[in-house]
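These are the residues of each chain, in order.
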Amino acid sequence: MRNLERVVRIHRQFMRLASSSTVAATTTTPDKKVKKKDDWKTELLTILEAEHKQKKRITWKQRASQNALADIIRFTLKDDVQSLVRLTENQLRSRFSPEIVPLCFLVLNKKFERILKKQDLIDSRASLSLFLGVADLWRSLKRNESNTSYLMALLLQNSVRRWKDQREFEKKKSNYIAELFNLMQGKMGQLVGSVNTNEQQLELFLTAEEHKTIQKEVDLLRKFYYPPPRKSEKMRYSEELSLVEPLQMNCPREEYRDNPFQVTELDKTTLKKLFEEHLETEGKMWIQVKNTVGDTVESKVSGENLIEEWNWRKRIGDGLRKLDPEQTHPLVAAFLELLPREKLIETLYFSAMAACSQGQNLIGATQFQFDVIEPILKELGNAFKKEIGLEENEIWKRVYDQYIQYFLDPEVSRQNTHREWWQKSCKTQNISANFQFQMGNMDVETREAVCNVIINVLFDSCLFPLEGKNGKLTWQRAFSFRAISIEEESKVSTDGRLSLSRMLSINPKLTSKFEAHPFEYIVFSTENLPMTVPPRPWIDKGTGGPLYKTSQEIIRKMLEFKAVRLNDEMRQRITSPSQARPVFDALNQLGSTPWVINEPMLDTLKEVFEKSKDSASEPLLEKLGIPMRHDTFDIPDFVREFGKVKREDVDVDRFREYAKKKAEAVKARNESNSLWCWMQYRVVLADHFRGRTLFFPHNMDFRGRVYPLSPYLSHMGDDVNRCILKFAKSQPLGDKGYDWLKLHCINLTGTMKRASVADRMLEAERLLPLILDSARNPLGGEKWWMSSDEPWQTLAACVEIEQATHFGSDIPLFPSQLPVHQDGSCNGLQHYAALGRDNEGGVQVNLTRCETPNDVYSDVAMRLESTTSEDHDVALKLRQSLPQNVPRKVIKQTVMTTVYGVTMYGAVLQIKRQLKALDIPGEDFQAALFARYLARKTFASLNDAFTSSMALKDWFRLIAKGASDLTKTVEWITPLGLPVVQPYCRLVERRSKLVLVPIPMKQVDAFPPNFVHSLDSTHMMLTSLNCSDRGITFAAVHDCFWTHANSVDEMNEICRQQFVSLHSQPIVEQCSEWFKKTYLTPKIQKILPQKELEKFEDIFTAKVQQGELDIEKVKESFQAALFARYLARKTFASLNDAFTSSMALKDWFRLIAKGASDLTKTVEWITPLGLPVVQPYCRLVERRSKLVLVPIPMKQVDAFPPNFVHSLDSTHMMLTSLNCANR
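Residues numbered from 1 in each chain as written. Predicted model: local features only at pLDDT ≥ 70, side-chain atom pairs only at ≥ 80, totals over all residues. Heavy atoms only, no water.

The name an unreviewed UniProt entry gives the chain is DNA-directed RNA polymerase, with Caenorhabditis brenneri as the organism. UniProt, in the comment section headed Catalytic activity (unreviewed entry), describes the chain in these words: "RNA(n) + a ribonucleoside 5'-triphosphate = RNA(n+1) + diphosphate". Note on the chain: under the UniProt heading Sequence similarities (unreviewed entry), the record states "Belongs to the phage and mitochondrial RNA polymerase family." (UniProt positions renumbered as here; feature names shortened; annotations may be inferred.)

Of all hydrophobic cores here, the largest spans 138 residues; its most connected members are F105, L108, F131, W138, W312 and F479. Here L108 is in contact with V81, L84, V85, T88, L130, V134, L137 and L156, once residues within four sequence places are set aside. Core analysis: the next-biggest nonpolar cluster, separate from the first, contains 77 residues, W955, L996, V1004 and L1062 among them. (Core = buried A, V, L, I, M, F, W, Y, C linked by side-chain atoms within 4.5 Å. Buried < 20%, exposed > 50% of the residue type's maximum accessible area, 1.4 Å probe, protein only. Contact = heavy atoms within 4.5 Å.)

With that out of the way, let us pick up the packing of helix α27 (residues 734-749) against helix α28 (residues 757-776). Viewed as axis vectors pointing N to C, α27 and α28 meet at an angle of 85°, and their least axial separation amounts to 9 Å. When the interaxial angle is binned, α27 and α28 end up roughly perpendicular. Touching Y738, D739, K742, L743, C745, I746 and N747 of α27 are V757, R760, M761, E763, A764, E765, L767, L768 and I771, all from α28. Of the residues that constitute the contact of α27 with α28, the class distribution is ten nonpolar, one polar and five charged. (Axes fitted to C-alpha atoms, helices over the stretch in contact; angles between N-to-C directions. Helix = DSSP H or I, 4+ residues; strand = E, 2+ residues; numbered from the N terminus. Parallel < 35°, antiparallel > 145°, perpendicular 65-115°, else oblique. Nonpolar A, V, L, I, M, F, W, Y, C, P; charged D, E, K, R; others polar.)

Below, the discussion takes up the packing of aromatic side chains. Summed over all chains, the structure comprises 61 aromatic pairs. Look at W678 and Y681: their rings are 5.9 Å apart centre to centre, the planes differ by 55°, and that puts the pair in the tilted class. Residue W678 and its partner Y681 are located together in helix α25 (residues 652-688), separated by three residues, close to a single helical turn. Here W678 falls in the partly exposed class, since its relative accessible area comes to 30%. Ring-pair connections join several aromatic residues into one group, and the members of that group are W40, Y832, W955, F956, W972, F1007, F1011, F1075, Y1079, F1096 and F1100. Above the ring of W475, the side-chain terminus of R315 is found at 4.6 Å from the ring centroid. (Phe/Tyr/Trp six-rings, centres within 6.5 Å; stacked < 30°, edge-to-face > 60°. Lys NZ or Arg CZ within 6 Å of the ring centre and 35° of its normal.)

Glancing now at helix α38 (residues 1000-1030). With 31 residues, α38 should reach 45 Å at 1.5 Å per residue; the first-to-last C-alpha distance of 45 Å fits that figure. Taken as a whole, α38 carries its principal kink of about 40° at F1007; the proline P1008 stands between one and four residues after it. Of all 31 residues making up α38, 26 are buried, and the element is well covered by its neighbours. At the C-terminal side of α38, G1031 shows a positive phi close to 80°. (Expected span 1.5 Å × (residues − 1). Bend = angle between axes of the 7 residues up to and from the residue.)

Structurally, S461 can be placed in helix α18 (residues 444-461). Given the relative accessible area of 3%, S461 is considered buried. Beyond its immediate sequence surroundings of up to four residues, S461 is in contact with W312, R315, I316 and G319.

Its place among the elements puts I555 in the loop between β9 (543-544) and α20 (566-573). Each C-alpha atom of the pair I555 and N699 lies 6.2 Å from the other, and the pair is 144 residues apart in sequence. When sequence neighbours within four positions are dropped, the list of residues in contact with I555 reads L566, N567, M570, M700, D701 and F702.

In this model, the chain carries a mean pLDDT of 83, and residues with pLDDT of at least 70 account for 87%. pLDDT under 50 marks residues 17-35. Its contacts with residues more than four places away, or in other chains, come to zero contacts. Throughout residues 487-498 the model reports pLDDT below 50, and contacts reaching past four residues in sequence, or to other chains, amount to 28 contacts. (pLDDT = per-residue confidence, 0-100.)

On to a nonpolar patch on the surface, then. Side chains of L1169, M1213, M1214, L1215 and L1218 sit close together on the surface and give an oily, nonpolar patch of about 460 Å² of accessible area. You can see L1215 is positioned in helix α45 (residues 1193-1222). (Patch = residues over 30% accessible without salt bridge, like charges linked within 9 Å, V, L, I, M, F, W, Y side chains within 5 Å. Areas by Shrake-Rupley, 256 points an atom, 1.4 Å probe, with all protein chains shown as cover. Salt bridge = Lys/Arg side-chain N within 4 Å of Asp/Glu carboxyl O.)

The alternating pattern of strand β22 (residues 1040-1043) places C1040 and W1042 and F1041 and T1043 on opposite faces, both of which are buried. Pairing geometry for strand β16 (residues 820-823) and β22, over four bridges, is antiparallel. Looking across to β22, one finds that V820 is bridged to T1043. Where strand β21 (residues 1035-1037) meets β22, three bridges bridge the pair, whose relative direction is antiparallel. What sits directly across from V1037, in β22, is C1040. As consecutive antiparallel partners, β21 and β22 are separated by two residues, and within that stretch H1038 has a phi angle of approximately 55°, a positive value. (Pairing = 2+ DSSP bridges.)

Here D324 is to be found in the loop between α11 (312-321) and α12 (330-338). By relative accessible area, which is 36% here, D324 ends up partly exposed.

Laid out in structure tokens, this is it:
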């Protein structure tokens, strides 16, 4: 029975298990399918997670290196040798920061050198302890250390050898010491075979004496040594970059115009003196610039006096003393412990002074943090360099002494780029071209943590007295942090999005006090100013420049996307030193172009700017783009509006209207005040740099678009910015320069955009009296210049033309310095039309030859006048509200932002804003209806003219969508080798994995404009490289190219040629191949299901049908070609009128030469004094199996007329000489 029950129980358990397994099977089967379906996405996340961890490891290593550097400085300044030894040992074992080891050895060597100066130190216990620590380090030395580490180790070993020989030991100890030292020698003897004592690019600086010491140590350790062969110089640029292949060789001497970076006033002595001043300035964080604007003279008490009265300096010192080094951030503790207290107080005091003196009530929090912490780090670095005896200034003086030859010798500039000559100059001093030492480059988190401590001291210390309503004085904080709502400006949409930004707010009551008591000096950061010496060049991988003692990033950071380190991403994708070199060379050329202040323009600007405090001048200043001072604004006042009543007694609607008016007035005043302050900075700095040569070093954004580093004063900016600068180098106008100046002046007015060049030149002649009047009496004459689109630049052109007229018949000899601009015609659409080969679109954006320039905005506006039947009612209503044709400005922004991917919604808002400006109410339903109608017509018109271009734009968006679906950011490499990575990513947790994923909408919307911007930048850089190669002065603001009046023709020729070369590349096909290779790697192909793989391959395949535009026709386009043809026709017509028989004779001479060439004879003749002349233009050729010397027909024909005349001219000179000698 029991057995039966047991069998039944077992059977039931079996059935239960079977049923449960069946259920499990039925429930898990669908899960397996789901898992299989999503398996590739999970594996993608795994790959992303691994990539993110790798980036975190790199970041962690960088942070570890920064911390190690901070520790070295701290231990060195505290003379904590044993901690320094332990740190060196940890670095040798961990190998996280191999660049730290040579520095550790250098510091230890300096300690030994100091010991060797005194016998009592040599015999001290501390020196013995140091020796034992160093001997222990040698155990950790490995074969794969850097060459610099080995050289520093040899230097240190030599110091240890001398210490051992000079110290007196007991016999037992002496043997032990000798044994330890022999072990050190034995270890170095094993490693010395791989040491290169001839290396000329070390990470640290060694003197000539130290090099000799190292060589002696090497000679002791090895008997036979064959130095490794010098690496042969490779090509200037990568062979893969076909666009710069012509630049691999230097420009022939006869084709090289001149050194475009050489200024007559800057001789070697002057440049060396300026460099010494620059090094002194660069060593500081702040510079005080005399405030030459405002009422500083009228006020007896300045802002500086007030701050002194309030004892900010003493309060800051008291605040620092309250900090407990044990309780605060370790770096802050290091500052307190290692820096002289007065130096730290002065640094923070100037940070506060700088914030107050610049006149703005809001400053970006990130910028303020940088301004506070950077000078402290700089002081700490300076103290360390002084401690180890590193004479950095002397090093750079010796390098610079060689480098300035580039700016003095045309042969040096012809045969080298800035980068190449800098590298050669550094080699003369046995130093790496990217050598830089600084205590800086903190990561964001560390910087914020340190700043919070320091800034709290500033906030608590910087107080000012304020009298309350009861007459009592209270002390208020000068600074606080605020979250400010800022309306985001977007080229894509105008929906008025608001974003919160953390800003430093300066107390408005304090600002009012400083308005009554202006500062005598405005404090500026030295890193935000132009340079007075040529900047240090950027070199391979974008390291190096532009300052000599402080490193800066070549790619601008995007603080809203901190997770992507743009400079690291760029450098990780550069696979060889020669990749992207053309990009860095172009930045160097742009930054080395010398400028000066246009002093007559500055004087006029200052006179007009003074009117900004008079509200009656507002109409004039608005026309000239000068902001009004904040105190000229009338802010609605409650009492003035409603009388002395309580708020609750006021009608609600009236109060709302009052509140709205007041808010708008306050907003307008604050915006105007901000603009006024920026204008003040420009004027004050321009005054400060009067009579000095300036250089504007450049860096770039992640797309390759370039920007000057100086935010206040540079040639990039508005009309005012551009008018107060001109080239430092002058060039004679030459034959065509004067006409180019006049044409430039007319172009700036913006009134003849569609007129032919001949018509513009006629207009310039007609307006010449007004042009001269504007120059001679800008504020009291006819004021013609004020009606221009760009009034200030127009006035600068008027002044240059007027000065040229003083040369009379010698106008071609006038030394001109004014930059002449050549602007692109909607450059984004030009690149799209070239990519898609859209013929009609190319015509509209002036890619093809045309007697009069086209204007795409006007063309689109004209197309809008043709209506379809379904739009008839809307068109009639629009005509009633807008009787004239649709103005170009209504749709200009929409056309321009089409390349930026503007949406229909954004286009409607853009057009509605313009309609509102034409007094069609923006809030009205009809205005929205009109805007939608015009937006639809605009898009339709562009699609008609730019069919392939718009299809390409859509494909670019599809590519970005595909990359985002693969959880990858969009990246590409420009035709000049620059890796571009879109930084629009965020850290998220997906399926328990922390990954960095793209923001799809941002990636998709941004890719088309970013790609076109990278092409536009590539074209500009190619133009810059080729202009520099030929010795032509060149500057650029994105798609606006500048040069001297006498080289505009040549620059335009280069510009057109480089545009054709760029778009002759199979860019679209290369783009397709790049995306397939980058996103569909073998690893990704393995994990993608076949259907998904085919989908993505289809996405990344270009299927856009190109149009019929012949890209070679671009060479015949543009305004320069029109102008050249106009001048040629004008010149020949003028000569034929005046020299009828002479021109006929010249034609006959050419006919003679043609006849001689047809007879296979060179042209020859005998001068009236009996000298036989034979034209040498011949070559050896094989004709009918015979080797013969035959003339070169074209050269013979072209050369005979001038050569014959030259021979007559020479005969005349000789006859004169003979007769003078006879008498």
